[in-house]
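Examination of the molecular architecture
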Amino acid sequence: DQFASGFASLRYGSLTLQGGFVRRDKNAALAPYGTAFNVAQPTLDARAFASLSYANELGDDWEVSARAYYDRYTLDVDYPNDVADPGDPRAIRWNIERDQAEWIGFETQVSKTLLQHHRVTLGAEARYDFHLSMTSYDIDPFELASDFSDQAGRVGAFLQDEITLLDTLSANVGLRYDYYATFGDTVNPRAGLIYHPAEKTTIKALYGQAYRAPNVWEYGFDNFYQRSNPNLGPETIQSYELVLEQYFGSETRLSVSGFFNDTQDLIGATPSTDPADSREYFSNLEQARALGAEFEAEYRTRSGWLARASYTLQRAEDVQSGAELSNSPQHLLK
């Protein structure tokens, strides 16, 4: 296993130029995906990026920021498959996978205090995935399993208002709109109410909605075991949370919160019902809910040490079957 990374940052006035890369080469012999055990599997994944950003506080309480960026990701894997009949000596046939993604983007936001009680932030974002490719083939003899390439893009905008209602009461409301070339648009609101009944006591009521867009492998990949689904939509989640925070002096903080998460249109692999095409595909097929409470204690010393402990009690279940979700523990202690 070999790992290398680098990062550089240059700042001049309100401009910041950053760039970096990370690369990992490994040769594991642990037979993932049913490949041959104890045969080294060369795997390389690498990421590189560069960005130029601008941030400045202008007169009359204006704050402006903008960023332009370039990103690149590659994954190269050689899979050793044992194609010998049972009982015969091992016969390795290599399957080669080559994946690559390149994209550019721009984002900006402006904020200003209006009418003394409103801190308004407006932002916009655009991203263009100009190179998305996934290729897989066997060698000795050569056989092409998949050769997929695509382009994608999205644009988005959001508006947020931090409102001072009273000396002890404030609200935070926001709305975000995104349009994806793959599935269309999505609108996601959020809201929060923050109350300070005492100097060191805070009560928060929070609501938010978010989404996860399907990735190119889920909606576009097509080979001998999987077919594409261009109609695949995003996963969505609605979250509700009530939080009580209490400080004791300047060093100790205790908090307790209750939460409810409702997740819809989860993306999962679906067996085909078409007798002429037995390949599976990804679809929006599941709904899950989680209800729970969290308790947290934090202690920060004046010399800089920080200690934190938390305990979460929750139940996450599949709505259709009522079964508890895997990898989602009822009890979580940190």
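As the structure is a prediction and not an experimental result, all values here were calculated from the model.

1. Quick word on the overall build of the protein chain
Along the backbone of the protein chain there are one helix and 15 strands. Along the three orthogonal principal directions, the C-alpha set of the protein chain runs to about 80 × 50 × 45 Å. For the protein chain, buried positions account for 31% of its 334 residues. In the protein chain, of all internal contacts separated by at least 6 residues, the share reaching a separation of at least 24 is 51%. For the protein chain, the exposed area adds up to about 20,500 Å²; of that, 57% sits on carbon and sulfur atoms. Seen as two clouds, the 28 positive and the 48 negative side-chain charges of the protein chain have centres 7 Å apart.

2. What about the packing of aromatic side chains?
The geometry of an aromatic ring pair comes down to the distance between the two centres and the angle between the two planes. Scanning the entire structure with this criterion turns up eight aromatic pairs. Taken together, the ring pairs in this structure connect Y180, F183 and Y211 into an aromatic cluster.

3. Quick notes on the pairing of strand β2 (residues 15–28)
One ladder, built from eleven bridges, connects strand β1 (residues 2–12) with β2; its direction is antiparallel. When the bridges of β2 are listed, A8 appears paired with G19. Hairpin connection between β1 and β2: a loop of two residues separates the two successive antiparallel strands, and G13 in this loop has a positive phi of roughly 60 degrees. Two strands pair when backbone bridges link them, and β2 and strand β3 (residues 41–58) are joined in this way by 14 bridges, in the antiparallel orientation. Note on β3: the bridge partner recorded for G19 is A50.

4. Section: unusual backbone geometry
For the bond running from D140 to P141, omega is -5 degrees, close enough to zero to count as cis. Along the chain, P141 falls in the loop between β6 (118–138) and β7 (143–166). In this model, D61 sits at a positive phi of 65 degrees, which is unusual for a non-glycine residue. Structurally, D61 can be placed in the loop between β3 and β4 (62–82). At Q116, a residue that is not glycine, the phi angle is positive and equals roughly 70 degrees. Summarising the element assignment, Q116 is placed in the loop between β5 (92–114) and β6. The exposure class of Q116 is exposed, given its relative accessible area of 72%.

5. A closer look at a nonpolar patch on the surface
The grouping of Y195, I203, L242, L244, V256 and F295 at the surface amounts to a nonpolar patch, some 500 Å² of accessible area in total. Along the chain, L244 falls in strand β11 (residues 235–248).

6. Some points on the nonpolar core
Of all hydrophobic cores here, the largest spans 13 residues; its most connected members are L132, M134, V216, Y219 and L232. Residue assignment for this core shows that the elements contributing at least two residues are β5, β6, β7 and α1 (216–220). When near neighbours in sequence (up to four residues on either side) are disregarded, V216 contacts L132, M134, F148 and F221.

7. Brief notes about the side chain of D78
Mapped onto the secondary structure, D78 falls in strand β4. With relative accessibility at 17%, the residue D78 sits in the buried group. Those residues in contact with D78, other than ones at most four positions away along the chain, are Q41, P42, W94, N95, I96 and R98.

8. Details of the pairing of β6
The pairing of β5 with β6 spans 20 bridges and is antiparallel. Bridge pairing in β6 links I104 to Y128. The hairpin formed by β5 and β6 contains three residues between the paired strands, and L115 there has a positive phi angle of roughly 55 degrees. As judged from the 19 bridges shared by β6 and β7, these two strands associate in the antiparallel manner. Bridged to S136 within β7 is S146. Linking β6 back to β7 in an antiparallel pair, the connection comprises four residues, with D140 at a positive phi of about 55 degrees.

9. Considerations on the pattern of salt bridges
With the rule as written, the count across this model stands at 28 salt bridges. A salt bridge links R119 to E63, with the nearest nitrogen and oxygen atoms 3.5 Å apart. Of the two residues, R119 sits in strand β6 while E63 sits in strand β4, which places them 56 residues apart along the sequence. Residue classification places R119 among the buried residues on the basis of a relative accessible area of 17%. Between R176 and D178 there is a salt bridge, with the nearest N and O atoms lying 2.8 Å from each other. Residue classification places D178 among the buried residues on the basis of a relative accessible area of 1%. One continuous salt-bridge network, built from bridges that share partners, spans E245, R253, E296, E298 and R308.

About the cut-offs
Residues numbered from 1 in each chain as written. Predicted model: local features only at pLDDT ≥ 70, side-chain atom pairs only at ≥ 80, totals over all residues. Heavy atoms only, no water. Helix = DSSP H or I, 4+ residues; strand = E, 2+ residues; numbered from the N terminus. Buried < 20%, exposed > 50% of the residue type's maximum accessible area, 1.4 Å probe, protein only. Contact = heavy atoms within 4.5 Å. Areas by Shrake-Rupley, 256 points an atom, 1.4 Å probe, with all protein chains shown as cover. Lys, Arg positive; Asp, Glu negative; His and termini not counted. Charge placed at Lys NZ, Arg CZ, Asp CG, Glu CD. Phe/Tyr/Trp six-rings, centres within 6.5 Å; stacked < 30°, edge-to-face > 60°. Pairing = 2+ DSSP bridges. Patch = residues over 30% accessible without salt bridge, like charges linked within 9 Å, V, L, I, M, F, W, Y side chains within 5 Å. Salt bridge = Lys/Arg side-chain N within 4 Å of Asp/Glu carboxyl O. Core = buried A, V, L, I, M, F, W, Y, C linked by side-chain atoms within 4.5 Å.

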